[in-house]
Amino acid sequence: STHLSTSNRRQWLLRAGAILCLPTTLAACYPNPLRLGSIVFTGYEPIFLARDKGWLPEQQVRLIELLSNTDTLRALAAERIEGAQLTLDEFLTARAEGLDLRILAVLDQSAGADAIVARPGLHRNHSFKGLRVAVEEGAVGAVMLGAFLSAHGLAVTDVQKINMTLDQSVDLFHKGAADLFITAEPWITQLEEAGGKRVFDSTEIPGRIVDVMVVRANAIEPYRDALHTLVAAHFKALTFIREHPTEAA
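Residues numbered from 1 in each chain as written. Predicted model: local features only at pLDDT ≥ 70, side-chain atom pairs only at ≥ 80, totals over all residues. Heavy atoms only, no water.

## Points about the confidence of the model for the protein chain
Of the residues in the protein chain, 86% reach a pLDDT of 70 or more, and the chain-wide mean stands at 87. Counting contacts from residues 1-7, a segment whose pLDDT is below 50, to residues more than four positions away or on other chains yields seven contacts. Low pLDDT, under 50, characterises residues 9-30; the predicted model gives this stretch 20 contacts beyond four residues in sequence or across chains. (pLDDT = per-residue confidence, 0-100. Contact = heavy atoms within 4.5 Å.)

Below is the structure:
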């Protein structure tokens, strides 16, 4: 069952310091809603669809849109959010740095949703040595950059790194701030529509970039019901997308 029994829920509410209520006012008995941080990204969209469809009660879960996964990790560390949608590499990096996170669900595997897009005039067979690479410091950026450089026989010292967050991809592209942009959807499509050329993507490193839903360990017990609801809502939305691709678009 995805829900605790009534007696267990009442015991949980007592432990959380809540008062017991009649079933008609049960919504008021929940602790503050679990806050799930996420950027706007194709693989993270099912939970937003679930919210829009009413499958994610707002008294249990509140979605917090952030500009970058760097911001998401900072919010987790500062306990401004309880859960997040991240890449597996970012989860592992956060754990290594002492942030006690647990994986709730594996969301997807990137197969082209992460890419390196070149400014107009560059192509896949270009010599990339000495060029400027805009990249978000973090696990995915490092994975993509490392794989790309390896494929071209280059070292990280052979390029000039320019720090950015994913949401800055389009703006920096139009400003000509870099030659190569390590980014993800929906920004990849926007850069390609503006004349950018995809020179490398995650299809060339299958299985390397995986997205996961995570939660802080200290939030598991107080938000157990909300976490069950959250994961169930994600997979319900995923099923809906597969069965109704046009309606979900």
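Text resumes after the structure shown.
## What to know about the layout of surface pockets
Think of a ball as big as a water molecule: rolled over the atoms, this probe shows where empty space is left. What the second largest pocket holds in volume is close to 190 Å³. Every residue lining the second largest pocket is listed: Thr 42, Gly 43, Glu 45, Pro 46, Leu 107, Asp 108, His 234, Leu 238, Ile 241 and Arg 242. Here the lining of the second largest pocket takes four residues from helix α8 (residues 224-243), the largest share from any one element. Looking at side-chain class alone, the lining of the second largest pocket contains four nonpolar, three polar and three charged residues. (1 Å grid on protein atoms, 1.4 Å probe; cavity = no way out; pocket = protein on both sides within 12 Å on 5 of 7 lines; lining within 4 Å. Points joined across faces, edges and corners; volume = space filled by probe spheres on them. Helix = DSSP H or I, 4+ residues; strand = E, 2+ residues; numbered from the N terminus. Nonpolar A, V, L, I, M, F, W, Y, C, P; charged D, E, K, R; others polar.)

## Looking at the packing of aromatic side chains
Pairs of aromatic rings are described using the distance from one ring centre to the other and the angle between the two planes. Scanning the entire structure with this criterion turns up five aromatic pairs. Seen in terms of ring centroids, Trp 55 and Phe 240 are 5.8 Å apart; in terms of plane orientation they differ by 70 degrees. Their pairing is edge-to-face. Of this pair, Trp 55 sits in the loop between α2 (45-52) and β2 (61-65) while Phe 240 sits in helix α8, and the two are 185 residues apart along the sequence. The class for Trp 55 is partly exposed, based on a relative accessible area of 22%. Judged by its relative accessible area of 13%, Phe 240 is buried. (Phe/Tyr/Trp six-rings, centres within 6.5 Å; stacked < 30°, edge-to-face > 60°. Buried < 20%, exposed > 50% of the residue type's maximum accessible area, 1.4 Å probe, protein only.)

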